[in-house]
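Below, each chain spelled out in residue letters.
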Amino acid sequence: MAGLLARLRSEIETRQQVDGVTAADLLELSPELCDLIRTIARGREMDLAEIAAELGARPEEARDLLDAMVEKGYLQVLEADGKRRYKASFIHTQQISAP
């Protein structure tokens, strides 16, 4: 599983920083990274242990990937009661209406 995490982290590091992702942005990501963001979004928020379990990795391995995803704007960190939770950082695009 370390190979998958390294590949996903490498993918995130090559991407430009964003202020959140749109549904269209997900189409440009690898299927594994897209699935991870969707899984986090479906759960609304997930903690490190839940995400690590989803990835089949140890929490310390998953933390590096999550930190990179937060740094690039794909995830947000929420802290409450001393627990850190991750949330997908979606933005909505503005609809343009035809005249």
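Worth saying up front: this structure is predicted, and the values here are computed from it rather than measured. (Residues numbered from 1 in each chain as written. Predicted model: local features only at pLDDT ≥ 70, side-chain atom pairs only at ≥ 80, totals over all residues. Heavy atoms only, no water.)

Caption draft 1: Fine view of the overall build of the chain. Of regular secondary structure, the chain possesses 5 helices and 3 strands. When its helices and strands are written in sequence order, the chain yields α-α-α-β-α-α-β-β. Across the 99 residues that make up the chain, the buried fraction comes to 35%. When the accessible surface of the chain is summed, it comes to about 6400 Å², and 48% of that surface belongs to carbon and sulfur atoms. (Helix = DSSP H or I, 4+ residues; strand = E, 2+ residues; numbered from the N terminus. Buried < 20%, exposed > 50% of the residue type's maximum accessible area, 1.4 Å probe, protein only. Areas by Shrake-Rupley, 256 points an atom, 1.4 Å probe, with all protein chains shown as cover.)

Caption draft 2: Structural detail: the sheet that holds strand E2 (residues 75-80). Taken in spatial order, the 3 strands of this open sheet run E1-E3-E2, and their pairing is antiparallel. Strands at the two margins of the open sheet, each flanked by one partner only, are strand E1 (46-47) and E2. Bridge count between E1 and strand E3 (residues 83-88): 2 bridges; the pairing is antiparallel. Bridged to Met46 within E3 is Tyr86. Against the sheet, helix H3 (residues 31-42) makes contact with E1, E2 and E3, and its axis sits at roughly 115 degrees relative to E3, the strand it touches most. (Pairing = 2+ DSSP bridges. Contact = heavy atoms within 4.5 Å. Axes fitted to C-alpha atoms, helices over the stretch in contact; angles between N-to-C directions.)

Caption draft 3: Examining the environment of Cys34 more closely. Mapped onto the elements, Cys34 comes out in helix H3. Each C-alpha atom, one on Cys34 and one on Ala23, is 9.8 Å from the other, the two residues being 11 residues apart in sequence. Cys34 has contacts with Leu26 and Leu29, leaving out every residue within four places of it along the chain.

Caption draft 4: Main features of the pattern of salt bridges. Applying the stated rule across the entire model yields 12 salt bridges. Of the charged contacts, one joins Asp35 and Arg38 as a salt bridge, the two residues approaching to 3.9 Å between their closest N and O atoms. Of this pair, Asp35 and Arg38 both sit in helix H3, separated by 3 residues, roughly a single helical turn. On the basis of relative accessibility, which here comes to 39%, the residue Arg38 falls in the partly exposed class. (Salt bridge = Lys/Arg side-chain N within 4 Å of Asp/Glu carboxyl O.)

Caption draft 5: The arrangement of the nonpolar core in detail. Core analysis: the largest hydrophobic core is formed by 26 residues, its most contacted members being Leu36, Ile51, Leu55, Leu65 and Met69. When contributions to this core are tallied by element, the ones reaching two or more residues are helix H1 (2-14), H3, helix H4 (48-55), helix H5 (59-72) and E3. Ignoring any residue separated from it by four or fewer positions in sequence, one finds Met69 in contact with Ile12, Leu33, Leu36, Ile37, Tyr74 and Leu75. (Core = buried A, V, L, I, M, F, W, Y, C linked by side-chain atoms within 4.5 Å.)

Caption draft 6: Molecular detail of H3. Given a rise of 1.5 Å per residue, 12 residues ought to cover 16 Å, and the 16 Å separating the end C-alpha atoms of H3 matches this to within 8%. Residues of H3 that are buried include every one of Leu33, Cys34, Leu36, Ile37, Thr39 and Ile40, and no others. Phi turns positive one or two residues past the end of H3, at Arg44, with a value near 70 degrees. (Expected span 1.5 Å × (residues − 1).)

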